[in-house]
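Structural overview
Each chain is listed here by its residues.
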Amino acid sequence: MTARNPAPAWYVISLRPRGGNASLRRAAARHGAGLLALAPWKLETIDSAESRAALDRALAADRLMFTSPQAARSAATLCALRARAGQDWFAVGAGTAAALRRAGIPVVASPARMDSEGLLALPGLQQLQGSTIGLVTAPGGRGTLPPALAARGAEVIRANVYRRVPVLPPPRALAAVRDLDAPAVLAVSSGEALQLALQSLPAPVLERLLGLPVVAASERLVQLARASGFSDCRPARSARPADMAEAAAQLMA
């Protein structure tokens, strides 16, 4: 008879998009934690004549800016990515930069602080008068980027290449969180995901979540979580799964 693996001593509850939890699950397991996926959305590439035309215009800009790994993956699905001579490419964080390198862009600048503010602080995005920036992203989100770039003198050419589609987690996942009798930490790497979860989850699940400590990917998300009713909120070094899991483990220590 095969012995069962012991139950984890604690859990990370993830709001990452459906199908996007493998890295965080592995990172949590290294700290002895299990993972419960409570995705309030899934990601879909927007494959239309309009999205392809917008991406073509964006890719002709002086600088390219990608706001997530999915933006890089979806863009690469729609067309082959190639850097033109003299063109600068920027990513909001290390994961997005890695996705661009896998898609064929060898040189990508990304900030140590992996959010809009960190991206806007990069040296290559300071003097923008008369330049064009292709912003490859999704509808909504990163609302600070276009006005900040325009204020520096850039023409922003936006290409929405993927969308976030709200979904309700399956009943089994909802019950697992509602009935959880072990310590847990809620991992928040997206403000939109948190707000969508708070709007759509059943009341018993939401009540359980609001009693948990939160690890957030940035100070901005810490403030959002506090404003949403969470009392114990701590920042991680970044949104990378290893950093989120380490911050959660420190909370559980």
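Residues numbered from 1 in each chain as written. Predicted model: local features only at pLDDT ≥ 70, side-chain atom pairs only at ≥ 80, totals over all residues. Heavy atoms only, no water.

Some words on the overall build of the protein
For the protein, the count of helices and strands is 11 helices and 11 strands. The C-alpha atoms of the protein give 19 Å as radius of gyration, which agrees with the globular expectation for 253 residues (18 Å, within 12%). Dimensions of the protein, computed from the C-alpha atoms along their principal axes, are close to 60 × 35 × 30 Å. Split into buried and exposed, the 253 residues of the protein put 48% on the buried side. For the protein, the share of sequence-separated contacts (at least 6 apart) that also reach a separation of at least 24 residues comes to 66%. As presented, the protein carries roughly 12100 Å² of accessible surface, and 53% of it is formed by carbon and sulfur atoms. (Helix = DSSP H or I, 4+ residues; strand = E, 2+ residues; numbered from the N terminus. Rg over C-alpha atoms; globule rule 2.2 N^0.38 Å. Buried < 20%, exposed > 50% of the residue type's maximum accessible area, 1.4 Å probe, protein only. Contact = heavy atoms within 4.5 Å. Areas by Shrake-Rupley, 256 points an atom, 1.4 Å probe, with all protein chains shown as cover.)

Overview of the sheet that holds strand 7 (residues 155-160)
Taken together, four strands build an open sheet; the order of strands is 5-4-6-7 and the sheet is parallel. Among the strands making up the open sheet, the edge pair consists of strand 5 (88-91) and strand 7. Taken pair by pair, the neighbouring strands of this sheet meet at an average axis angle of 20°, ignoring direction. Bridging between strand 4 (residues 63-66) and strand 6 (residues 132-137) involves four bridges; their strand directions are parallel. Looking at strand 6, one finds that Phe66 is bridged to Val136. Docked against the sheet, helix 2 (residues 49-59) engages strand 4, strand 5, strand 6 and strand 7, running at close to 145° with respect to strand 7. (Pairing = 2+ DSSP bridges. Axes fitted to C-alpha atoms, helices over the stretch in contact; angles between N-to-C directions.)

Considering the packing of aromatic side chains
Across all of its chains, the model carries one aromatic pair by this definition. Relative to Trp89, the ring of Phe66 lies with its centre 5.5 Å away and its plane at 10°, an arrangement referred to as stacked. In this pair, Phe66 is assigned in strand 4 and Trp89 in strand 5, connecting sequence segments 23 residues apart. For the pair formed by Phe66 and Trp89, the shared burial category is buried. (Phe/Tyr/Trp six-rings, centres within 6.5 Å; stacked < 30°, edge-to-face > 60°.)

Description of the nonpolar core
With 46 residues, the main nonpolar core has Ile13, Leu38, Leu186 and Leu209 as its most contacted residues. Leave out the neighbours within four places in its chain, and Leu38 touches Ile13, Ser14, Leu15, Pro169, Ala173, Leu174, Val177, Leu201, Val205 and Leu209. (Core = buried A, V, L, I, M, F, W, Y, C linked by side-chain atoms within 4.5 Å.)

Some remarks on helix 9 (residues 203-210)
Within helix 9 the residues assigned to the buried category are Val205, Leu206 and Leu209. Looking down the long axis of helix 9, one finds its buried residues gathered within 100° of arc, a one-sided arrangement. Counted as exposed and oriented over 90 degrees from the buried face of helix 9: Ala203 and Glu207. Against the buried residues of helix 9 lie strand 1 (10-14), helix 7 (171-178), strand 9 (184-188) and helix 8 (191-200). (Arc of directions from axis to C-beta.)

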